[in-house]
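# Descriptive structure summary
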Amino acid sequence: MIHDLDLLNATEFGQIKARLGSDYPTLNGAIINERIRQTTEYASVLFYISIDSPKQGNLFRSKNLAGNPLPDVKGKRVFNGTIPGIGELRIAEFVLPPFDVSIGTPVGQMRRAMVAYSEVSLALLLSMILASIVIGLGLSRLMLRPVRLIGETANRIRSDNLTERIGVTGVDDEISDLARLLNQMFDRLESSFTQVRQFSAEVSHELKTPLSLVRLHAEKLLADGNLDPTQEEAVLVQLEELARVNHMVDELLFLSRAEAQGVRMSLVPQDPHRFLQNFEQDVRALAEHQGRRLRYTHRGEGVVAFEERWLRQVVLNILTNALRASPPGGLITLRSEFVPRYWRVSVEDEGPGLTMDQCERAFDRFVRFHQSGEEDRGSGLGLAICRSIIQLHNGRIYAEPRADGRGLRVVFELPASDEREQNPV
């Protein structure tokens, strides 16, 4: 743009030289003014003109200079100069012996154009960056959508939901190949889980008969009365262990039937507060017998559909674990409350508690956490049975460390029944 200003000044000099004529060396100031005044006034918006002579001084200044001389920089023919009231000019000096012709062109318009150009360029650059970010995010989400779907589906597939598979498109690409490989792996896992469950159910069922026979023979030995005290004590220990093994077999059979959807719950809408009140006396007596304390609270009103027998087993299993984990004199807190759309029951103890990783594994089969040196008589199936029963009630159960860091908090939630369904108009 500065080069273009220099070309403009050179073009204007050519016009002035043509106006002065070939006899310009003999002209005086009055004649010069007469010959080029019309040209300079016509171009007064764009050019500032001054003609000087080393001998005669200034011979001509355009009116737009208002009597101000054009700046002069020795040794330079093209330069920038500033005139008060006019501003910055791009000045070019041309030698037309015996005269020096100086022509200036305003630079302000060029500066404003450059500022506008910079602003527009910056705005376009920011717009392009934002558009690139939006387009990049959109394309990445679009391209990675199959991967996200694979991850979400794989996350949903658990031991109780092994039939779900990842959807595979008809496109033959790496993502589809990955989905097929994962589906094949899930098929193998489902087959393994099915075989394990079938084996557990069949073995549990087959064990019932020999266990019953062994128990009958042991009871017959006691009934005959031909045993000495030592032998009689040994038979009693055998009966106790047989009862424990038989109970474990019953639990395994229940879990197998529950996972095979072979257990049906007779869900009856009822007041859970009344259910827990009736249950509280038994639990309080059990806690006092073991040297622990029990605190029960209830908040809110509502109706919940559940089968009392099975839910009683859930609460009893959780409270038994809490009593076993709490130290002598420890406090067991049983809380019942209604939250939006759910009835929530929590049991808190003052035991050593569990880590978050242990809380996630606590509901798996045969998982037991007990202090060193403590006798463990549990089967490791109690919380697994609780989870199956709660799931059959369309609820959820989980464990977490207490807020104060002492002990464990086990919570289960069941959906509250709509009162309008219980009292139709």
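Residues numbered from 1 in each chain as written. Predicted model: local features only at pLDDT ≥ 70, side-chain atom pairs only at ≥ 80, totals over all residues. Heavy atoms only, no water.

### Some details on the overall build of the protein chain
The condition that has to hold: A run of H or I in DSSP becomes a helix once it reaches four residues, and a run of E becomes a strand once it reaches two; helices and strands are each numbered from the N terminus. Each residue is placed in one exposure class: buried if its accessible area under a 1.4 Å probe, protein chains only, is under 20% of its type's maximum, exposed if it is over 50%, and partly exposed if it falls in between. Note on definitions: a residue-residue contact is assigned when non-hydrogen atoms from the two residues lie within 4.5 Å. The protein chains shown are the only cover counted for residues, whose accessible areas, like all others here, come from Shrake-Rupley with a 1.4 Å probe.
Within the protein chain, the regular secondary structure consists of 10 helices and 12 strands. A principal-axis box enclosing the C-alpha atoms of the protein chain has dimensions of 160 × 60 × 55 Å. Split into buried and exposed, the 425 residues of the protein chain put 33% on the buried side. A separation of at least 24 residues holds for 59% of the contacts in the protein chain among residues at least 6 apart in sequence. Counting every atom, the protein chain has about 25,900 Å² of accessible surface; 56% of that belongs to carbon and sulfur.

### Here's the deal with the pattern of salt bridges
The test is simple: One speaks of a salt bridge when a side-chain nitrogen belonging to Lys or Arg is within 4 Å of a carboxyl oxygen belonging to Asp or Glu.
Evaluation of the coordinates by the stated rule reveals 21 salt bridges. Its salt-bridge partner being aspartate 282, residue arginine 312 comes within 2.8 Å of it at the nearest N-O pair. Here arginine 312 is found in helix H7 (residues 308-325), whereas its partner aspartate 282 is found in helix H6 (residues 272-289), with 30 residues between them in sequence. Judged by relative accessible area, arginine 312 falls into the partly exposed class, the value being 32%. A salt bridge links aspartate 357 to arginine 361; the shortest N-O distance between them is 3.5 Å. One end of the pair is aspartate 357 and the other is arginine 361, both in helix H8 (residues 356-361) and four residues apart, which spans about a single turn. Assessed through its relative accessible area of 46%, aspartate 357 is described here as partly exposed.

### A short note on unusual backbone geometry
Backbone torsion omega between proline 97 and proline 98 reads 10°, so that peptide bond is classified as cis. Within the secondary structure, proline 98 is located in the loop between strand S4 (87-96) and strand S5 (99-106). Despite not being glycine, alanine 66 shows a phi value in the positive range, around 55°. Note that alanine 66 resides in the loop between strand S2 (57-61) and strand S3 (78-83). Residue alanine 66 is classed as exposed on the basis of its relative accessible area, which comes to 63%. At arginine 341, a position not held by glycine, the phi torsion is positive, near 75°. A residue is classified by how much of its surface remains accessible, and arginine 341, at 68% relative accessible area, is exposed.

### Some details on the environment of glutamate 34
You can see glutamate 34 is positioned in helix H2 (residues 29-42). Considered as a pair, glutamate 34 and arginine 19 are 15 residues apart in the sequence and their alpha carbons are 9.9 Å apart.

### Regarding the sheet that holds strand S7 (residues 293-299)
As a reminder of what qualifies: The pairing criterion is simple: DSSP has to find at least two bridges between the two strands. Fitted lines through C-alpha atoms serve as axes, helices being fitted only where they are in contact, and the angles separating the N-to-C directions of these axes extend from 0 to 180 degrees.
Taken in spatial order, the five strands line up as S7-S9-S10-S12-S11 in an open sheet, and their pairing is mixed. The open sheet has two edge strands, S7 and strand S11 (396-401), and neither has a second partner. This sheet shows a mean twist of 15° between the axes of neighbouring strands, independent of strand direction. The strands touched by H7 are strand S9 (331-339), strand S10 (342-348), S11 and strand S12 (408-415); relative to S12, the strand with the most contacts, the crossing angle is about 170°. Here helix H9 (residues 382-392) sits on the sheet in contact with S11 and S12, set at roughly 135° to S11.

### Section: the packing of aromatic side chains
Inclusion rule: In this analysis, rings of Phe, Tyr and Trp, with Trp reduced to its six-membered ring, are considered paired at centre separations within 6.5 Å, and the interplanar angle assigns stacked below 30 degrees, edge-to-face beyond 60, and tilted for intermediate values.
Under the counting rule described, the total for this entry stands at five aromatic pairs. A centroid spacing of 6.0 Å and a plane angle of 90° characterise the contact between tryptophan 343 and phenylalanine 412, whose relative ring orientation is edge-to-face. In this pair, tryptophan 343 is assigned in strand S10 and phenylalanine 412 in strand S12, connecting sequence segments 69 residues apart. Tryptophan 343 sits in the buried class, given a relative accessible area of 0%. A relative accessible area of 1% means that phenylalanine 412 is categorised as buried. An aromatic cluster is built from Phe275, Phe306, Trp343 and Phe412, whose rings are joined through pairwise contacts.

### Details of the confidence of the model for the protein chain
Detailed reading of predicted coordinates is not advised where the pLDDT is low. Note the threshold: For every residue, the predictor assigns a confidence score, pLDDT, that lies between 0 and 100.
For the protein chain, the average pLDDT comes to 84, and 91% of its residues sit at 70 or higher. Every residue in residues 420-425 is under pLDDT 50, and counting partners more than four places away or in other chains gives three contacts.

### Focus: the packing of H7 against H9
Applied cut-off: The crossing is said to be left-handed when, going from far helix to near helix, the turn is anticlockwise and less than a right angle, and right-handed when the turn is clockwise. The classification used treats Ala, Val, Leu, Ile, Met, Phe, Trp, Tyr, Cys and Pro as nonpolar, Asp, Glu, Lys and Arg as charged, and all other residues, Gly among them, as polar.
Where H7 contacts H9, the two axes come as close as 9 Å, and the packing angle between them is 145°. Note on packing geometry: the crossing formed by H7 with H9 is left-handed. Facing Trp310, Leu311, Gln313, Val314, Asn317, Ile318 and Asn321 of H7, the residues of H9 in contact are Gly382, Leu383, Ile385, Cys386, Ile389 and Ile390. Each residue belonging to the contact of H7 with H9 can be placed in one class, and the counts come to nine nonpolar, four polar and no charged.

### Thoughts on the packing of H6 against H7
The interhelical angle for the contact between H6 and H7, taken along N-to-C directions, is 30°, at an axis separation of 11 Å. The way H6 lies across H7 gives a crossing that is right-handed. Along its contact with H6, which presents Phe275, Phe279, Asp282, Val283, Leu286 and Ala287, the element H7 presents Glu308, Leu311, Arg312, Val315, Leu316, Leu319 and Leu323.

### Section: the sheet that holds S2
With antiparallel pairing, the five strands of this open sheet are ordered in space as S2-S1-S5-S4-S3. Whereas interior strands pair on both sides, the edge strands pair on one side only; in this sheet they are S2 and S3. The mean angle between the axes of side-by-side strands here comes to 30°, regardless of whether they run parallel or antiparallel. Strands strand S1 (48-53), S3, S4 and S5 of the sheet are contacted by helix H1 (residues 2-20), whose axis makes an angle of about 45° with S4.

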